[in-house]
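# Structural characterization, general
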Amino acid sequence: MNTNPDLIIDSLLTQLVKDKEKVLGYPVAQDFDYSRLNEFLKYPINNVGDPFEENTYKVQTHEMECEVVEFFAELFRADPKNHWGYVTNGGSESNLYGLYLARELYPKAMVYFSESTHYSVKKNIHLLNIPSITIRSQENGEIDYEDLENTLQFNRHKPAIILTTFGTTMMEAKDDVSKVKKILKKLAIQDHYIHCDAALSGSYGAFIEPRIPFDFKDGADSISISGHKFIGSPFPSGVIITKRSLRDRIARGISYIGSLDTTITGSRNGHSPLFLWYAIKKMGIAGLAKRFQHSLETAEYCKNELIKQGIKAWTNPGSITVVFPKVSDAIKGKWQLATDDDITHIICMPNVTKSQIDEFVKDIVLEKSTKEEVAVF
Ligand SMILES: *Cc1c(COP(=O)(O)O)cnc(C)c1O
């Protein structure tokens, strides 16, 4: 067996290059080039503390981190005078933060989330020890507003934390925050908090037409996204955006770091804000919108090619995820597809090409014809 580390990483690299060619089932953009930032790997960058506060440790990228927060705050139509956020380790930590703020605000609240909610949310609710109720999903994966209303009605004496999802994991369904807000108003539940989990679709939600309500103007109190999904990054990252007035309620000064302890972890990745900053500065809003249009087109192409082969493929409105009946284990393994019950999906991330789709469809057709031959003889 080989024990030379340099040879081991050579073969790991060969393997990764091969594996990354066939990812159609997971939302990771791969079309990035951060080689300009290689030099920064030589420095122990650590963004410990609140990015918007003074810090004693200076080897950090807080300025870039704040610009990343400002970029998404604006995209999510946050109040220019009352927003805050930071770059997290990923969408899961961002969700944990949103729920943590909500619980500090309403310690006696109940959390409501749909059965299509990401598994990180259930774990976070367990960690925070908040009572919760699962709401039914509609067939397309969107929360069932009627079930939500009935359940809220039943518990209307309690403050309500609603966890909406903007882009569910399997079907990329989007819960309408304004409909949720309307229900809360109708039932006169004044003590409420809405956290929107927009891990995948938050990065392009502002460009979807017709608009699907999800942001601060629509009624969200905090929004989370993943940085390594639609934007793309060599390591996981995420962003949480919320209201500064909410953060102020949990801020505690820590003399050891000379800052406020407003984040979940102590030491924080200082490279990921730099990478995210670089990506959004290079793309700009227009570039990001173009990226989304490209993904939408690929999804439309993928759906139509599958339908041509008699496969019942469909997409939710404004979604880059094509949903269809579960495929064989061989195809699932080859293309790294996630399956759930009897469905699977292809997520048309910006790097997914029509020729990859063609190759995938060819595999399906080939498998079908060999199966039919077996059936005949
Ligand atoms: C990916 C995802 C998450 C978790 O994000 P990570 O960045 O993997 O931690 C949460 N919610 C939804 C809807 C997701 O798609």
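Quick caveat, the model's predicted, so the values are computed rather than measured. (Residues numbered from 1 in each chain as written. Predicted model: local features only at pLDDT ≥ 70, side-chain atom pairs only at ≥ 80, totals over all residues. Heavy atoms only, no water.)

## Thoughts on the layout of surface pockets
This is how the line gets drawn: Cavities and pockets were defined on a 1 Å grid built from protein atoms only: a cavity is a group of points that admits a 1.4 Å probe but offers it no way out, a pocket is an open group of points flanked by protein on both sides within 12 Å along at least five of seven lines, and a lining residue is one with an atom within 4 Å of any such point. Grid points are joined across faces, edges and corners, and a volume is the space filled by probe spheres set on the points. Put simply, DSSP H or I for four residues or longer makes a helix, DSSP E for two residues or longer makes a strand, and each gets a number counted from the N terminus. Think of it as three bins: nonpolar holds Ala, Val, Leu, Ile, Met, Phe, Trp, Tyr, Cys and Pro, charged holds Asp, Glu, Lys and Arg, and polar takes everything else, Gly as well.
Within this model, the largest pocket holds a volume of roughly 890 Å³. Taken together, 39 residues form the lining of the largest pocket, with Ser116, His118, Thr168, Thr169 and Met170 sitting closest to its centre. Put simply, the parts of the chain that give the lining of the largest pocket at least two residues each are α3 (91-105), α4 (119-128), β11 (339-340) and β12 (343-347). Residue composition of the lining of the largest pocket, by class: eleven nonpolar, 20 polar and eight charged. What the second largest pocket holds in volume is close to 470 Å³. Partitioned by chemical class, the residues of the lining of the second largest pocket number eleven nonpolar, four polar and two charged.

## A look at empty space enclosed by the protein
A full pass over the atoms with the stated rule returns one cavity of 30 Å³ or more. Taken as a whole, the largest cavity spans an internal volume of roughly 40 Å³. Tallying contributions element by element places strand β1 (residues 84-88) first for the lining of the largest cavity, with three residues. In the lining of the largest cavity, the residues fall into two nonpolar, four polar and two charged.

## Some details on the domain arrangement of the protein
The condition that has to hold: Each domain's extent was defined by an automatic or database domain assignment. Contacts were defined at the residue level, with two residues in contact if any of their heavy atoms lie within 4.5 Å. Put simply, buried area is the surface a 1.4 Å probe can reach on two separate parts but cannot reach once they are joined, added for both. We count a salt bridge whenever a side-chain nitrogen from Lys or Arg sits within 4 Å of a carboxyl oxygen from Asp or Glu. Nitrogen and oxygen atoms within 3.5 Å of one another constitute a polar contact, given that in protein one can donate a hydrogen and the other can accept it, and given that sequence-neighbouring residues count only through two side-chain atoms.
Domain assignment breaks the protein into domain 1 (5-31 + 288-376) and domain 2 (35-281). On a C-alpha basis, the centres of domain 1 and domain 2 stand 29 Å from each other. Counting residues at the interface gives 25 residues for domain 1 and 20 residues for domain 2. Across the domain 1 to domain 2 interface the summed buried area is about 1800 Å²; carbon plus sulfur atoms make up 69%. Looking only at domain 1, the three residues that lose the most surface to domain 2 are Leu288, Phe292 and Asn316, adding up to 31% of its buried area. Scanning the region where domain 1 abuts domain 2 turns up zero salt bridges. Summed over the shared surface of domain 1 and domain 2, the number is ten residue pairs in polar contact (both at pLDDT 80 or more).

## Quick look at the site of the ligand
Inclusion rule: Definition of nearness: a residue and a molecule or strand are near each other if at least one heavy atom of the residue lies within 4 Å of the molecule or strand. Shrake-Rupley sampling with a 1.4 Å probe provides the accessible areas, and residues are treated as covered by the protein chains on show and by no other component. Should more than half of a molecule's atoms lie within 2 Å of a pocket's or cavity's grid points, that molecule is taken to sit in it.
Not every one of the 13 residues close to the ligand is listed here, only the nearest: Gly91, Ser92, Asp197, Ser226 and Lys229. A distance of 2.8 Å separates an oxygen atom of the ligand from a polar atom in the side chain of Ser226. Surface burial for the ligand is 86%, taken as the share of its 380 Å² of free accessible area covered by protein chains. In this structure, the ligand is accommodated by the largest pocket. Looking at the shell around the ligand residue by residue, the classes come out as one nonpolar, ten polar and two charged.

## Concerning unusual backbone geometry
The test is simple: The cut-offs for exposure are 20% and 50% of the maximum accessible area for each residue type, with area from a 1.4 Å probe on protein chains only; residues under the lower value are buried, those over the upper are exposed, and the others partly exposed.
Cis peptide bonds are those with omega within 30 degrees of zero, and the linkage from Glu209 to Pro210 qualifies with -10°. Structurally, the position occupied by Pro210 is in the loop between β5 (192-197) and β6 (222-226). A positive phi angle, near 50°, is found at Gln336, a position not held by glycine. Topologically, Gln336 is positioned in the loop between α9 (329-334) and β11. With a relative accessible area of 28%, Gln336 lands in the partly exposed category.

## With respect to the sheet that holds strand β10 (residues 321-325)
Quick reminder of the rule: Here the rule is simple: two strands pair whenever DSSP picks up at least two bridges between them. Working convention: axes come from line fits to C-alpha atoms, limited for helices to the stretch in contact. Angles between N-to-C directions cover 0 to 180 degrees.
Overall, antiparallel pairing links the three strands, which are arranged β10-β12-β11 in an open sheet. In this open sheet, the two edge strands, each paired with only one partner strand, are β10 and β11. Against the sheet, helix α8 (residues 271-308) touches β10 and β12, its axis set at about 20° to β10.

## Focus on the pairing of strand β7 (residues 238-242)
Both faces of the sheet carry side chains from a regular strand, because those side chains alternate between them. Taken across its five residues, β7 has five buried, putting it largely inside the fold. Across the two faces of β7 the burial is the same, with Gly238, Ile240 and Thr242 and Val239 and Ile241 all buried. Both β1 and β7 contribute to a ladder of five bridges, which runs antiparallel. Counted as the bridge partner of Trp84 is Thr242 from β7. Direction of pairing for β6 relative to β7: antiparallel, over a ladder of five bridges.

## Observations concerning the packing of aromatic side chains
To be explicit about the condition: When two rings of Phe, Tyr or Trp (its six-membered ring) have centres within 6.5 Å they constitute a pair, described as stacked for plane angles under 30 degrees, edge-to-face for angles over 60, and tilted for the intermediate range.
Under the defined criterion, the tally for this structure stands at 16 aromatic pairs. For the ring pair Phe32 and Tyr34, a centre distance of 5.3 Å and an interplane angle of 40° mean the geometry is tilted. Residue Phe32 is classed as partly exposed on the basis of its relative accessible area, which comes to 29%. Here the aromatic rings of Tyr97 and Tyr100 are separated by 6.1 Å at their centres, their planes lie at 75°, and the arrangement is edge-to-face. On the criterion of helical spacing, the pair formed by Tyr97 and Tyr100 is a turn pair, its members being three residues apart in helix α3.

## Quick word on a nonpolar patch on the surface
This is how the line gets drawn: Grouping into patches uses exposed residues only, defined as over 30% relative accessible area, and leaves out salt-bridged ones; the cut-off is 9 Å for like charges and 5 Å for nonpolar side chains (Val, Leu, Ile, Met, Phe, Trp, Tyr).
On the surface, Ile9, Leu12 and Leu16 cluster together into a nonpolar patch covering about 280 Å² of accessible area. You can see Leu16 is positioned in helix α1 (residues 5-20). In this structure Leu16 comes out as partly exposed when scored by relative accessible area, which is 47%.

## Remarks on the nonpolar core
Soluble globular proteins tend to bury their nonpolar side chains together. For the record, the criterion: To qualify as a nonpolar core, a set must consist of buried Ala, Val, Leu, Ile, Met, Phe, Trp, Tyr and Cys residues joined through side-chain atoms within 4.5 Å.
Phe72, Phe76, Leu306, Phe324, Ile346 and Phe360 are the most contacted members of the largest nonpolar core, which totals 59 residues. Elements with a minimum of two residues in this core: α2 (62-75), β6, β7, α8, β10, β12 and α10 (354-376). Per element, the largest residue contribution to this core is eleven residues, and it comes from α8. Two domains each put at least three residues into this core: domain 1 (5-31 + 288-376) and domain 2 (35-281). For Phe360, the residues in contact, after removing those within four places along its chain, are Leu24, Leu306, Phe324, Ile331, Trp335, Leu337 and Ile346. One finds Trp84, Leu101, Val121 and Leu128 within the second-largest nonpolar core, a separate group that totals 22 residues.

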